[in-house]
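Descriptive analysis of the structure
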Amino acid sequence: MRIGVAGVGRIGTMHAAHLASLDSVDEVLLYDPVDGRAALAANQLENARAADTVDDLLAVADGVLVATPTDTHPDLVRACLAARKPVLSEKPIAGDLGAMTELIMQIEAGGTPVLVGFQRRFDPAVVELRRRIVAGELGPIYHVRATGFDANPPDLAYLPTSGGIFRDLMIHDLDAIPWLVGEPVVEVYASGSVLVDRAFADAGDVDNAVVLLRFAGGAHAAIHAGRHDPLGYDHRIEVLGGKDSVAVGLDPRTPLTSLEPDGPQVAPDAYPGFPERFRRAYLNEMRVFADVIAGRADNPSPARDSLVSLRLAEACERSRRTGTPVRLEGTP
Ligand SMILES: NC(=O)c1ccc[n+]([C@@H]2O[C@H](COP(=O)([O-])OP(=O)(O)OC[C@H]3O[C@@H](n4cnc5c(N)ncnc54)[C@H](O)[C@@H]3O)[C@@H](O)[C@H]2O)c1
């Protein structure tokens, strides 16, 4: 099988390397408009070559991964649909609810699979957590608690176009947690502060935030997110149910120091960033994409689900700005 990669920046280069490592992938074709970037990335891999245009990818690839800046996703996804090539698009598939809804209608009318790169859905530990919840092994869910701390803020020039902490950083947990709980969110409350860098305030954003989600059945999720953690990149989800209490992201590389005599100390190889923390997830994401292309797997991250997290992110932003809870009615 041949897979095309459009955009070989930060995340596209990593995905290309993971694709090239799969037994089921014979060749990876890379395209990037920046001169020499695709060739440079292809030279690092045994079974990759650079393509001159997106159309070259579409002509020969069995599926295409879109890892370009967000504003280019809808047009590239539409080009793949027109060529009937399965797509894995990085998140978000579109920047706002209107554009996303229009694109989803086109995707669903065509029937070509489109996966969205919410990597938690491909993370083996998160997949196992969902299996246990669905099988009833945790009993009724009482609480979900998520931690999403970046080690360092992004390039400050990126802030004005990032969409803010909820759409940019917390969107992953706003996708994963309703997917895990399996119920609609009926109310959102969000609060945020600028504690790391005034540049966030200048961009109308915050650098630390807490969100409280209330689910239809009465369970709550609390999500803590921040742009600076001096010990490393920390992402965890903990679920307390009536029969069991489990965590993902709690392992010897978790950047956290316990003050208990026998508790874990922060390790020298604590996760420095998301590529290391989610390595297994990203690798599995590419494996699943190849399996969906081959017709061997269902799509665990369909485009329509992206409406849930974007709608929640927008409600969080509204709640933070107004200081009041936001009720959500109906399905997106
Ligand atoms: N799932 C995740 O964990 C995760 C992490 C980081 C970024 N992302 C998403 O991935 C996307 C890319 O982010 P990034 O940090 O890699 O950005 P980046 O700027 O490092 O890379 C984007 C690349 O796309 C290229 N490009 C621009 N227009 C193109 C086009 N029309 N066709 C082909 N290539 C084009 C650019 O030249 C650049 O090399 C964003 O949508 C971002 O939200 C997801």
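Cut-offs applied
- Residues numbered from 1 in each chain as written.
- Predicted model: local features only at pLDDT ≥ 70, side-chain atom pairs only at ≥ 80, totals over all residues.
- Helix = DSSP H or I, 4+ residues; strand = E, 2+ residues; numbered from the N terminus.
- Rg over C-alpha atoms; globule rule 2.2 N^0.38 Å.
- Buried ≥ 20, exposed ≤ 12 C-beta atoms within 10 Å, placed from the backbone.
- Contact = placed C-beta atoms within 7 Å.
- Pairing = 2+ DSSP bridges.
- Axes fitted to C-alpha atoms, helices over the stretch in contact; angles between N-to-C directions.
- Near = placed C-beta within 6 Å.
- Nonpolar A, V, L, I, M, F, W, Y, C, P; charged D, E, K, R; others polar.
- Expected span 1.5 Å × (residues − 1).
- Arc of directions from axis to C-beta.
- Domains from an automatic or database assignment.
- Parallel < 35°, antiparallel > 145°, perpendicular 65-115°, else oblique.
- Left-handed = near helix turned anticlockwise from the far one by under 90°.

Here the focus is the overall build of the protein. Scanning the protein from terminus to terminus reveals 13 helices and 13 strands. The C-alpha atoms of the protein give a radius of gyration of 20 Å, which matches the 20 Å a tight globule of 332 residues would have. The dimensions of the protein, computed from C-alpha atoms along their principal axes, are 55 × 45 × 45 Å. Every one of the 332 residues in the protein was classed for burial, and the buried ones make up 43%. In the protein, of all internal contacts separated by at least 6 residues, the share reaching a separation of at least 24 is 69%.

Turning our eyes to something else, we now look at the pairing of strand β12 (residues 245-248). Across four bridges, strand β11 (residues 234-241) lies against β12 in antiparallel orientation. Paired with V239 across the strands is V246, a residue of β12. From the end of β11 to the start of β12, which pair antiparallel, there are three residues.

The next thing to look at is the sheet that holds strand β4 (residues 63-66). Here six strands make up an open sheet; going across it, the order is β3-β2-β1-β4-β5-β6 and the pairing parallel. Each having just a single partner strand, β3 (48-50) and β6 (114-116) make up the two edges of the open sheet. Looking at each pair of strands side by side, their axes are set apart by 20° on average, direction ignored. Bridge analysis of strand β2 (residues 27-31) against β3 gives three bridges, and the strand direction is parallel. Bridge pairing links L30 to A50 in β3.

Around the ligand lies a shell of 23 residues, among which G7, G9, R10, I11 and E90 are the nearest. At three residues, helix α1 (residues 10-20) tops the list of elements feeding residues into the shell around the ligand. Split into classes, the residues belonging to the shell around the ligand amount to 10 nonpolar, eight polar and five charged.

Before going further, it helps to spend a moment on helix α5 (residues 97-110). The first and last C-alpha atoms of α5 sit 20 Å apart over 14 residues, in line with the 20 Å expected at 1.5 Å per residue. For α5, the full list of buried residues reads M100, L103, I104 and I107. Down the axis of α5, the sector holding all buried residues measures 105°, keeping them to one side. Opposite the packed face of α5, turned more than 90 degrees from it, sit the exposed residues G98, E102, M105 and A109. Just beyond α5, the residue with positive phi is G111, at close to 85°.

Within the span of helix α6 (residues 124-134), buried status applies to V126, L129, R130 and I133. Down the axis of α6, the buried set is contained in an arc of 95°. They therefore lie on one face. In α6, those exposed residues whose orientation departs by more than 90 degrees from the buried face are P124, E128 and R131. As for α6, its buried residues are in contact with β7 (141-149), α9 (171-181), β11 and β12. G136 sits one or two positions beyond α6 and adopts a positive phi of about 80°.

The strand order β12-β11-β7-β10-β9-β8-β13 describes an open sheet built from seven strands, whose pairing is mixed. Of all strands in the sheet, those bounded by a partner on one side alone are β12 and β13 (326-327). Here eight bridges tie β7 to β11, and the two strands are oriented antiparallel to one another. By the bridge assignment, I141 is partnered in β11 with G241. Set on the sheet, α6 makes contact with β7, β11 and β12; between it and β12 the angle comes to about 155°.

As a further point, take the domain arrangement of the protein. When its domains are assigned, the protein resolves into domain 1 (2-116) and domain 2 (121-327). Put simply, the middle of domain 1 and the middle of domain 2, counted by C-alpha atoms, are 25 Å apart. Counting residues at the interface gives 23 residues for domain 1 and 20 residues for domain 2. Secondary structure elements with two or more residues in the side of domain 1 that touches domain 2: α1, α5 and β6. Of the residues that constitute the side of domain 1 that touches domain 2, the class distribution is 16 nonpolar, five polar and two charged.

Contact pair α1 / helix α12 (residues 279-293): the axes reach a minimum separation of 9 Å and the direction vectors enclose 60°. By the angle between their directions, the pair α1 and α12 is classed as oblique. Crossing handedness for the pair α1 and α12: right-handed. Here α1 contributes M14, H15, H18 and L19 to the contact with α12, which in turn contributes Y282, L283 and M286. Grouping the constituent residues of the contact of α1 with α12 by class yields five nonpolar, two polar and no charged.

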